[in-house]
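Here is what each chain is made of, one letter per residue.
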Amino acid sequence: MKNYFQKILSLFVNHDYPTATEEHFYRWLADSEHANEKDKALHELWVTCQKQGESTDWQKSLEQWKRANGFVQPSRPTRTIGRVLPLRLWQSAAAVLLIVSISLVYWLNRVEKTEVDLVQQFIPTAEMKIFFLPDGSQVQMNSRSTLLYPQQFNGKNRSVYLVGEANFKVKPDKEHPFIVKSTDFQVTALGTEFNISAYADAKEISATLIEGSVLVEYDNLTQRTLLQPNEQLIYHKGTHSHTIGTINIDDVTAWQRGELIFREMTLHDIITVLERKYDYQFIYSLHSLKKDRYSFRFKDEASLPIVMDVIVDVVGNLKFRIQGDKCYIMRK
């Protein structure tokens, strides 16, 4: 039975169908019959897309996905339209976004039993954005992040879907909990401020409570934890384990102020963050990078040359060259 559902979902994701067919598909997904099997198939398909992303035409697939789901296209600088994103990070982006769309529509329909009209907010590389949701809650999104939410919150819950990083200042409403979902992860709040980092290419998802209280659910929503202010829960996708600890809030919210803070991170992980922060393609060999861990702090919107000067000076065996929109990192 599981393979049957998996085949149906895969066929839907990999082909463009008429609107009537898509509507029938969503009704089938939202139906309560075999709900557990559908949940498992959706989750497995999501994981597969993340691990085995196809080398597809990003812009074409994304536009098809938007048209199929009636998404509102946010305004953004024309320089990002049609731009070829680095294949290493974004080769599965279109497939992942398709699964995000399917998962959110399916989940909202099951929870709210209502028609869903979704809005997409996508933040390009090297940009941030602050905006308000229909209920008045404030969201600040980091670069390379996507948030999906209904045009109006009409059901019992205020539900959104996040891929990437965002800070939420939730408008209090005891009758309508605010829920942020990501793959294998969910945060529920009534009125509070918290930060979630859930990038598709990251090995971990984290939720950090700044003010109030939140319920964090993870590992297929089978585990749950109540966080207190200044606590952070990190969920490790590969091992399905988690850690909880007290965190420096200034470190967690540094990205909102344009700062870069790295705490005991490998060079590979540091470069992954830099690829979101700066509109450059980073070209390097993993074999040339040490596996040592480093800590850095950069303030005041430091330029990429300044950041790289400090990093290569500390590491010692590297050099870099910026040419056009590319940053080359190599051994000395």
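The following paragraphs examine the structure supplied in this document. Small disclaimer: the values here were computed from a predicted structure and weren't measured. (Residues numbered from 1 in each chain as written. Predicted model: local features only at pLDDT ≥ 70, side-chain atom pairs only at ≥ 80, totals over all residues. Heavy atoms only, no water.)

1. A closer look at helix α9 (residues 304-315)
Put simply, the rule reads: For the purposes of this entry, the term helix denotes a DSSP run of H or I that reaches at least four residues, the term strand denotes a run of E that reaches at least two, and both are numbered from the N terminus. How far a helix is expected to stretch is found by multiplying one less than its residue total by 1.5 Å. Between buried and exposed lies partly exposed: a residue is buried under 20% and exposed over 50% of the maximum accessible area for its type, with that area taken using a 1.4 Å probe on protein chains only. Our arc is simply the arc of the directions from the helix axis toward the C-beta atoms. Throughout, a residue-residue contact means that at least one pair of heavy atoms, one from each residue, lies within 4.5 Å.
Given a rise of 1.5 Å per residue, 12 residues ought to cover 16 Å, and the 16 Å separating the end C-alpha atoms of α9 matches this to within 8%. Those residues of α9 not exposed but buried are L304, V307, M308, I311, V312 and V315. Taken down its axis, α9 places every buried residue within 120° of arc, on the same side. Those residues of α9 that are buried are in contact with β14 (260-266), α8 (267-277), β15 (281-283), β16 (293-298), β17 (318-323) and β18 (326-331). Directly beyond the C-terminal end of α9, a positive phi value near 95° is found at G316.

2. Considerations on the packing of aromatic side chains
Counted only if it meets this: Classification of ring pairs rests on two measures: the distance between centres of Phe, Tyr or Trp rings, Trp counted by its six-membered ring, which must be within 6.5 Å, and the angle between planes, read as stacked under 30 degrees, edge-to-face over 60 and tilted in between.
This model, assessed by the stated rule, comprises seven aromatic pairs. Ring centres 6.2 Å apart and planes at 20° place the aromatic pair F131 and Y149 in the stacked group. On the criterion of sequence distance, the pair formed by F131 in strand β2 (residues 129-132) and Y149 in strand β4 (residues 145-150) is long-range, its members being 18 residues apart. Ring centres 6.0 Å apart and planes at 20° place the aromatic pair F296 and F298 in the stacked group. Each member of the pair, F296 together with F298, is buried.

3. Some thoughts on unusual backbone geometry
Across the chain, the bulk of peptide bonds are trans and the bulk of non-glycine residues have phi less than zero. Although it is not a glycine, R144 sits at a positive phi angle of roughly 55°. Tracing the chain through its elements places R144 in the loop between β3 (138-141) and β4. R144 sits in the buried class, given a relative accessible area of 6%. The backbone of N230 shows a phi angle near 75°, a positive value even though the residue is not glycine. Position of N230 among the secondary structure elements: in the loop between β11 (223-227) and β12 (231-236).

4. Digging into the environment of L147
With respect to the element layout, L147 can be found in strand β4. For L147, a relative accessible area of 0% puts it in the buried group. Sequence spacing of L147 and F122 is 25 residues, and the spatial spacing of their C-alpha atoms is 6.7 Å. Setting aside anything within four residues of it in sequence, one finds L147 in contact with V119, Q120, Q121, F131, L133, V139, M141, V160, Y161, L162 and F168.

5. Brief notes about the nonpolar core
Under the convention used in this document: For our purposes a nonpolar core is just a set of buried Ala, Val, Leu, Ile, Met, Phe, Trp, Tyr and Cys residues, chained together by side-chain atoms within 4.5 Å.
Counting 31 residues, the largest nonpolar core has L147, F168 and F194 as the members making the most contacts within it. No other element matches strand β5 (residues 158-169), which puts four residues into this core.

6. As for α8
Of all 11 residues that make up α8, eight are buried, and the element is covered over most of its length. Residues of α8 that are buried: L267, I270, I271, T272, L274, E275, R276 and K277.

7. Thoughts on the sheet that holds β17
Under the convention used in this document: Two strands are counted as paired when DSSP detects at least two bridges linking them. Angles here are taken between N-to-C directions and fall from 0 to 180 degrees, while the axes themselves are lines fitted to C-alpha atoms, restricted in helices to the stretch in contact.
Pairing in this open sheet of three strands is mixed, and the strands run β15-β18-β17 from one edge to the other. Each edge of the sheet is formed by a strand with only one pairing partner; in this case those strands are β15 and β17. Adjacent strand axes in the sheet meet at a mean angle of 20°, parallel and antiparallel pairs treated alike. Most of the contacts of α9 go to β17, to which it runs at about 165°, and overall it touches β15, β17 and β18.

8. Here's the deal with the pairing of β16
Where burial is concerned, the two faces of β16 differ: the one with Y294, F296 and F298 is buried and the one with R293, S295 and R297 is not. Across five bridges, β14 lies against β16 in antiparallel orientation. Within the sheet, the bridge partner assigned to M265 lies in β16 and is Y294.

9. Remarks on the pattern of salt bridges
Put simply, the rule is: A pair is scored as a salt bridge if a Lys or Arg side-chain nitrogen falls within 4 Å of a carboxyl oxygen belonging to Asp or Glu.
Under the counting rule described, the total for this entry stands at eight salt bridges. We note a salt bridge from R297 to E259, for which the minimum N-O separation is 3.5 Å. Here the residue R297 occupies a position in strand β16, and E259 occupies one in the loop between α7 (249-252) and β14, the gap between them amounting to 38 residues. On the basis of relative accessibility, which here comes to 13%, the residue E259 falls in the buried class.

10. A short note on the pairing of β5
For β5, the buried fraction is high: 11 of the 12 residues fall into the buried class. Note: β3 against β5, four bridges, orientation antiparallel. Among the inter-strand pairings, V139 is bridged to a residue of β5, identified as F168. Pairing of β4 with β5, which is carried by three bridges, proceeds in the antiparallel orientation. Bridging across to β5, L148 finds its partner in Y161. When β5 meets strand β6 (residues 178-182), the two strands line up parallel, connected through four bridges. Paired with S159 across the two strands is I179, which belongs to β6. Sheet analysis places β5 next to strand β8 (residues 193-198), joined by six bridges and oriented antiparallel. Residue pairing in the sheet places N167 in a bridge with N195 of β8.

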